[in-house]
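# Structure assessment
Single-letter residue listing:
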Amino acid sequence: MGMTILRRMAAATGITLLAAVFTMSAHAADPIKIGSFLSVTGPASFLGDPELKTLEMYVEQINENGGVLGRPLELIHYDDQGNASSARSFASRLIRSDRVDIIVGGSTTGATMASVPLVEQAGIPFISLAGAVVITDPVKKWVFKTPQSDRMAAERILEDMKDRGFTKIGLISGTGGFGASGRTQTLNVAKRMGMEIVADVTYSGSDTDMTAQLTNIRNTKGVEAVLNFGFGQGPAIVTRNYDQLGMKLPFYQSHGVASDSFLRLAGKAAEGLRLPGSPLLVPESIPEGDPQKNIVRNYKAEYEAKWGQSVSTFGGYAYDGLMLAVNALEAAGSTDKAAVRDALEGIQGYVGVTGEFNMSPDDHNGLDPDSFRILEVVNGGWVLID
Amino acid sequence: MFSEFLQFLFTGVTIGATYALIALGFTLIYNASHVINFAQGEFLMIGGMATVSFMALGLPMPLAITLAVLLSGLMGVLLQRFAIAPAKKADVVTLIIITIGASIFIRGLAQLLWGKQYHVVPNFSSDEPIRILGAVMNTQSLWVLGIGTVVVVALVLFFTRTMIGKAILATSMNKQASRLVGIKTQFVLMLAFLVSALLGGIAGVVVAPITFTSYDIGIMLGLKGFVAAAIGGLGSGVGAVVGGLCLGIVEAMAAGYLSSDYKDAVAFSMILLVLFFMPRGLFGAKVVERV
Amino acid sequence: MFDQFMKVRLRGMIVLAIIVVVIPLFLTNPFQYDLATQILIVGGAVVGLNLLVGFAGQISLGHAGFFGLGAYFTGIMTGTYGWPAVPTLLLGAAVVGAIAWIVGRPILRLKGHYLSMATLAVGFIIAIIINNESQLTGGPDGMPVPALDLFGWELSSFGLYSFFGIEFDGYELWYFFAGLMLLLAVWLAQNLIDSPIGRGLRAVHGSEVAARVVGVDTAKYKSLVFVISAVYASITGSLYAHFQGFITPAVAGFDFSIILITMVVLGGMGSTYGVILGAAVLTLLPQVLADFQELEMVMFGLILMLTMIFMPKGLLPTLGSMAGKRFAKKTGGQP
């Protein structure tokens, strides 16, 4: 007898729980809904955290200034914790339950790619904040992205190496999504540019010491420069180990660590290393009259005043994502998804924090490699080289 | 050639000493309760993060470290009193899930309190590395090794020379018999959590200058410590130390001589090898089950 | 006696079937179907894991490895090499079963937490291989998986289907298909429990030494149930891959292993329906808590801790015995 009741209870509990989740949507559709799923916590939180802060800050600011198309913006955001499966679930929730008008989000390539099938099928404009080149190559009808691709980063780094006369490179990369994709792109670009990767080692996200890998690079004959592709605390440890080992070869990092917090972690060991980064790190070095100068300077000032922490390149991706969305909404004159998508594709000459965007049907990223600036660490600060 | 080997060895021993300290914490609690304490890594995190925040308040480093380690110990006692003790009738597996819940809870609190950024803890002494026969060693590595040795010696003395230590050992061997001779098992369990949390806190502080620290540092270091304890045979103090050192050295050698892609896989294969050929771990005790 | 036993078993299946059929009445959009379908698929995996935990008293800390292996076997073979879905799924299950047997057989001779350590290691090794072999698996960024092809009839959650003049959306069909699969999984598990193997297993769980003394080959039974639970994980992993359409190494990761084992313990070890409830709760909880943002982690940890402290036997068994007591009080009879 008890067994039957037990099952009824189970049924009741299940249904109540389901109902609890499932009645959380439905609201008057006056505001324009901007959906977002970001890796606010978890291993990729240094991407998602500044991205969310940026989105929150500017949605508030835009609303204070009267919104878009006379309607306020509503930001609906979820934390995917860096897990692609939950990113997909939240994308599904944004599209199907919250019924957002446009999505600006996806901190990591995995999270973005897991959501792409849903986005494409539902036909909703999606501006990704993740780096890998696969997101927009081949072009997907509804998918755009704001960061430069890792291929561009690799090109920019290898060009700078070549200019300095280095053609034999030691590569160390993280095994996470960012590092692995960056490694693949570096190998491809090097082959194309006639350069040679003579050492190729990796480290995982949980490693606390990369001395063994670096020793191998040091002992490889002919290495002329070293490149580390990775993000998180790993590259800071690599930088310190590099210094401890007394390695004097020219050292490059990727845009994955282009932030002041990296300098804080790596300390004096970072001295002299180069990386491709956003002008955001060197706002004062941008020449007067460059349209990017004011945008970058304002974003940096506003972000740092509001959140009391230093600005990072990744927050800039979210800034551009949101502004591209707003531009497209205004150009389309409505929230009609197809019209907004067409407007996004037609954006020309929008200057953002990351660079100048010129979208086209063949290019849903719209940036060129020169939007990356080569920066060098000098006396604990960033200096613009190129 | 030799300097290369020496470099890998130094690297491995440093990482290994860290793993060994964490593994000891697992072993203590496992011995006293048969619980795999998945919140062990959080003690490390508290050690490191609390040091950072006490130092930010302007406290001198030694005081900040002491307070951080004590805070970690307090956390251990609270965990035992409010999460493990109330569920004393529960299955061991249930207790393990409770520690998983606790670790998520503590990590969540740390994230609210301290934010999500990584922080630097300065080296205890000089930043200038030491060079021996062409290999390099961070001075902090010496601190890790030195403090690790002190802790192990202190633990040995504690378990062999003090009444309380002997009581913990007795309880781990036979709960009912020790209860019969008047040992309060709940109290002993609390002590085990306290000592284990203090150990975790110490480990967290000494490695923080090498690894940096953040609210989620406990996940990865805790897991490696558990793997080390497993290699050594859960429940053996010597095993934890040897397991930790083995794991560290194997990782460094594999990264150096085999493949950095698969160095972690090599470490995990070690668990399988040990289980297949030395089924009680390197130093695991033989267990006789009564019907 | 036996008839009554069968009736109770059958009644459980019928109640579960009714729940599966009734729930869509409460679902108002495809996202909710999406979640519900995930619960049904993962539910199948935990029913299998529960056989190991609940009836052989062993814990697996690497079950996601088997789940992920199934998912990637399907993804690679159907996606890259164009194999048919169903034979691929079965072959994948056979491969995973063989791996489980090779690992389980020597280790399950031992008593204690050793299987958990071995499974932890196996799970990690699988996850590392999936992560590193990016030529095959797409690496950490994941890979797309084609829709489920049932002997030439394609089931896609984006499709539109018509049966006897009634239109169904793909996600609705996926839901019912997953429900059917879960019922099948439960039915097989129940049959296993009632079989001689099941009786052997219960003997093992009671007292292994005693069972061995009376001539039960305990290691054989434990290995067998370990293999079965791994096969469950592999098959549900394959289904999950087809359903999601995109997989990343996270499906094989340690975090997911921990989630699976938590579903079992939270729902109620040994209770087939309890662990399904556990799967539902742990799938829905993050969605409910998502609105609390920074507090999400604290609340999730707290809820997990408190539930296990106050309901150490798990949700369903505890709720069941509470309901039983109240019923007994009302009628003045025995529960």
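First things first, this report covers the structure right here in the doc. Predicted model only: the values in this text are computed from it and were never measured.

### Structural notes on the pattern of salt bridges
Following the criterion strictly, the structure yields 22 salt bridges over all chains and no others. The residue C:Asp34 makes a salt bridge to A:Arg88 at a minimum N-O spacing of 3.2 Å. Residue C:Asp34 is found in helix α2 (residues 30-56), and its partner A:Arg88 is found in helix α3 (residues 84-97); the two belong to separate chains. Overall, the relative accessible area of 2% leaves A:Arg88 in the buried class. A salt bridge links A:Arg96 to C:Asp34; its shortest N-O distance comes to 3.1 Å. Of this pair, A:Arg96 sits in helix α3 while C:Asp34 sits in helix α2, each in a different chain. Taken individually, A:Arg96 and C:Asp34 each receive the classification buried, so the pair is uniform in this respect. In this structure, a network of salt bridges that share partners links the residues A:Asp207, B:Lys224, B:Glu251, B:Lys263 and B:Asp264.

### A look at the pairing of strand β3 (residues 102-105) of chain A
Residues and elements named next belong to chain A. Neither face of β3 is exposed, since Ile102 and Val104 on one face and Ile103 and Gly105 on the opposite face are all buried. Relative to strand β4 (residues 126-128), β3 runs parallel, the two sharing 3 bridges. Its bridge partner being in β4, Gly105 is matched across the sheet by Ser128. Crossover handedness for the path β3 to helix α4 (residues 109-122) to β4: right-handed.

### Side note on the nonpolar core
Grouped together as the largest cluster of nonpolar side chains are 194 residues, with contacts concentrated most on B:Ile98, B:Ile271 and C:Phe66. Element by element, the count of residues in this core is highest for α2(C), at 14 residues. Filtering out sequence-adjacent residues up to four positions away, B:Ile98 remains in contact with B:Ala83, B:Ile84, B:Ala87, C:Met305, C:Met308 and C:Ile309. Among the nonpolar cores identified, the runner-up in size contains 46 residues, and A:Leu55, A:Tyr58, A:Leu280 and A:Tyr299 belong to it.

### A look at the packing of aromatic side chains
Ring pairs (aromatic) are described by centroid distance and by the angle formed between their planes. Evaluated as defined, the whole model comprises 30 aromatic pairs over all chains. Measuring from centroid to centroid gives 4.9 Å for B:Phe8 and B:Tyr257, while their planes differ by 90°, and the two rings are edge-to-face. Of this pair, B:Phe8 sits in helix α1 (residues 2-33) while B:Tyr257 sits in helix α10 (residues 237-258), and the two are 249 residues apart along the sequence. With relative accessibility at 38%, the residue B:Tyr257 sits in the partly exposed group. By way of ring pairs, the aromatic residues A:Phe46, A:Phe178, A:Phe229, A:Phe231, A:Phe314 and A:Tyr317 are connected into one cluster. Here the basic side chain of A:Arg88 rests over the ring of C:Phe243, its NZ or CZ set 5.6 Å away from the ring centre. Above the face of the A:Trp307 ring, A:Lys306 is positioned so that its terminal group lies 5.4 Å from the ring centre.

### Considerations on the interface of chain B and chain A
The interface of chain B with chain A comprises 32 residues on the first partner and 31 residues on the second. Contact between chain B and chain A buries roughly 2,700 Å² in total, counting both sides, with carbon and sulfur atoms accounting for 51%. In terms of surface lost to chain A, no three residues of chain B exceed B:Lys116, B:Tyr118 and B:Phe212, which account for 20% of the buried area on that side. At the surface where chain B touches chain A, the tally comes to 2 salt bridges. A salt bridge links B:Lys116 to A:Asp49, with the nearest nitrogen and oxygen atoms 3.2 Å apart. For the pair chain B and chain A, the interface holds 12 residue pairs in polar contact (both at pLDDT 80 or more). At the level of elements, α1, α8 (185-211), α9 (217-232), α10 and α11 (263-277) of chain B are the ones that each hand at least two residues to the side of chain B that touches chain A. For the side of chain B that touches chain A, the leading source of residues is α1(B), giving 5 residues. Its residues assigned to classes, the side of chain B that touches chain A comprises 14 nonpolar, 10 polar and 8 charged.

### Brief notes about the interface of chain C and chain B
Much of the literature gives interface size as the accessible area that the parts lose upon coming together. At the interface, 43 residues of chain C touch 46 residues of chain B. Surface buried jointly by chain C and chain B totals about 3,900 Å² across both partners, of which 81% is contributed by carbon and sulfur atoms. Three residues stand out in chain C for area buried against chain B, namely C:Met117, C:Met297 and C:Ile309, and they jointly supply 16% of the buried area on that side. For the pair chain C and chain B, the interface holds 0 salt bridges. For the pair chain C and chain B, the number of links is 3 residue pairs in polar contact (both at pLDDT 80 or more). When residues of the side of chain C that touches chain B are traced back to their parent elements, those giving at least two are α4 (85-107), α5 (114-132), α9 (208-213), α11 (254-267) and α13 (296-310) of chain C. In terms of residue count, α5(C) provides more of the side of chain C that touches chain B than any other element does, 11 residues in total. Considered class by class, the residues forming the side of chain C that touches chain B number 34 nonpolar, 5 polar and 4 charged.

Cut-offs used in this document
Residues numbered from 1 in each chain as written. Chains lettered and ligands numbered in written order. Predicted model: local features only at pLDDT ≥ 70, side-chain atom pairs only at ≥ 80, totals over all residues. Heavy atoms only, no water. Salt bridge = Lys/Arg side-chain N within 4 Å of Asp/Glu carboxyl O. Helix = DSSP H or I, 4+ residues; strand = E, 2+ residues; numbered from the N terminus. Buried < 20%, exposed > 50% of the residue type's maximum accessible area, 1.4 Å probe, protein only. Pairing = 2+ DSSP bridges. Right-handed = clockwise from strand over helix to strand, strands pointing away. Core = buried A, V, L, I, M, F, W, Y, C linked by side-chain atoms within 4.5 Å. Contact = heavy atoms within 4.5 Å. Phe/Tyr/Trp six-rings, centres within 6.5 Å; stacked < 30°, edge-to-face > 60°. Lys NZ or Arg CZ within 6 Å of the ring centre and 35° of its normal. Buried area = accessible area lost by both parts, 1.4 Å probe. Polar contact = N/O pair within 3.5 Å; in protein donor to acceptor, adjacent residues only side chain to side chain. Nonpolar A, V, L, I, M, F, W, Y, C, P; charged D, E, K, R; others polar.

These figures capture arrangement, not role.
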